[in-house]
Amino acid sequence: MQENNPLVFRYIDIEAEGGLNVKLEPAPAGYADLFDRPGALKKINLELYFSIGTDSIFLEGRASAELEMECSRCTGLLVRSFGDSFDEVYPDTVECIDTRETIRETIGLLAPMKVLCSENCKGRCLVCGINRNRQICACKPGRAGAPPLSGPRFGALKELKLEKRDKPGKKDI
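Conventions adopted
- Residues numbered from 1 in each chain as written.
- Predicted model: local features only at pLDDT ≥ 70, side-chain atom pairs only at ≥ 80, totals over all residues.
- Heavy atoms only, no water.
- Helix = DSSP H or I, 4+ residues; strand = E, 2+ residues; numbered from the N terminus.
- Buried < 20%, exposed > 50% of the residue type's maximum accessible area, 1.4 Å probe, protein only.
- Contact = heavy atoms within 4.5 Å.
- Arc of directions from axis to C-beta.
- Pairing = 2+ DSSP bridges.
- Axes fitted to C-alpha atoms, helices over the stretch in contact; angles between N-to-C directions.
- Phe/Tyr/Trp six-rings, centres within 6.5 Å; stacked < 30°, edge-to-face > 60°.
- Salt bridge = Lys/Arg side-chain N within 4 Å of Asp/Glu carboxyl O.
- Core = buried A, V, L, I, M, F, W, Y, C linked by side-chain atoms within 4.5 Å.

**A look at the overall build of the chain**
Phase 1: Looking only at helices and strands, one finds 2 helices and 6 strands in the chain.
Phase 2: Helices (α) and strands (β) of the chain occur, in sequence order from the N terminus, as β-α-β-β-β-β-β-α.
Phase 3: Here the chain holds 173 residues, and 28% of them are scored as buried.
Phase 4: Of all intrachain contacts in the chain linking residues separated by at least 6 positions in sequence, the fraction that spans at least 24 positions is 55%.

Shown next, in the form of structure tokens:
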């Protein structure tokens, strides 16, 4: 254990202060491997509040980060801030409280699955691939080689023939 790590706290110090409030800005490079794109994590802010209970130490924390991400529709880059809170309980018998893994997990879960550059994002043209927020193309949906935009999406399933089977547990009489 690294006692000089800013994310590792000694119980005796927390107890002596009757609790502890800490604000930190760890280097994003230490968490870069949590994201698909190198350099996606731009800035991290942490707020940690330790309080002493009768037989435990309670940690309430908040992690926020600036992330550079791709729009799910047009693949343009955008920077957004995300944040989340977390809490942990530690027995008062511990010598040190290591918050590194808890913070790492919280930061890794900050990014949403999908993000849009704007609610009105037009996305990319399915035919030529241009960003339709920046340019207008002359492509027509359904042109040779383009995926169809209308009609039943599951049309091929109409041709599928399935055997009818009895339900499990039922017996023929």
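**Looking at helix H2 (residues 100–108)**
Side chains three or four residues apart in an α-helix point the same way, a direct result of the helix having 3.6 residues per turn.
Phase 1: Along H2, the residues that are buried comprise Thr-102, Ile-103, Thr-106 and Ile-107. End-on, the buried residues of H2 take up no more than an arc of 130 degrees, which puts them together on one face.

**Observations concerning the sheet that holds strand E2 (residues 20–24)**
Phase 1: The 4 strands are arranged E2-E3-E4-E5 in an open sheet whose pairing can be described as antiparallel. A strand with exactly one partner marks an edge of an open sheet, and here the two such strands are E2 and strand E5 (77–91). This sheet shows a mean twist of 10 degrees between the axes of neighbouring strands, independent of strand direction.
Phase 2: Bridge count for strand E4 (residues 56–70) against E5 is 15 bridges, and the pairing is antiparallel. Across the sheet, the residue bridging to Glu-70 is Leu-77, located in E5.
Phase 3: Against the sheet, H2 contacts strand E3 (41–52), E4 and E5, and its axis sits at roughly 145 degrees relative to E5.

**Digging into unusual backbone geometry**
Phase 1: The backbone phi angle of Thr-75 is positive, close to 60 degrees, even though this residue is not glycine.
Phase 2: Tracing the chain through its elements places Thr-75 in the loop between E4 and E5.

**Brief notes about the packing of aromatic side chains**
Phase 1: As enumerated under the stated definition, the model contains 1 aromatic pair in all.
Phase 2: Judged by centre distance (4.9 Å) and plane angle (55 degrees), the ring pair of Phe-9 and Phe-50 falls under tilted. Residue Phe-9 is found in strand E1 (residues 8–10), and its partner Phe-50 is found in strand E3; the two are separated by 41 residues along the sequence. Here Phe-9 matches Phe-50 in class, with each residue buried.

**Things to note about the pattern of salt bridges**
Phase 1: With the rule as written, the count across this model stands at 4 salt bridges.
Phase 2: Across the salt bridge formed by Arg-10 and Asp-13, the nearest N and O atoms sit 3.2 Å from each other.
Phase 3: The exposure class assigned to Arg-10 is partly exposed, which follows from its relative accessible area of 38%.
Phase 4: Between Arg-37 and Glu-68 there is a salt bridge, with the nearest N and O atoms lying 2.7 Å from each other. Remark: Glu-68 occurs in strand E4 and Arg-37 occurs in the loop between E2 and E3; sequence separation between them is 31 residues.

**Observations regarding the side chain of Thr-106**
Phase 1: Looking at where Thr-106 falls in the secondary structure, it is placed in helix H2.
Phase 2: The exposure class assigned to Thr-106 is buried, which follows from its relative accessible area of 10%.
Phase 3: Excluding its chain neighbours within four sequence positions, the residues that come into contact with Thr-106 are Ala-63, Asp-84 and Phe-86.

**Concerning the nonpolar core**
Phase 1: Tyr-31, Leu-41, Leu-48, Phe-50, Ile-103 and Ile-107 are the most contacted members of the largest nonpolar core, which totals 31 residues.
Phase 2: Contributions of two or more residues to this core are made by helix H1 (11–17), E3, E4, E5 and H2.
Phase 3: Looking at which element gives the most residues to this core, the answer is E4, with 6 residues.
Phase 4: Apart from residues lying up to four places away in sequence, Tyr-31 is in contact with Leu-7, Pro-26, Leu-41, Ile-44, Ile-103, Arg-104 and Ile-107.

What is shown is where atoms sit, not what they do.
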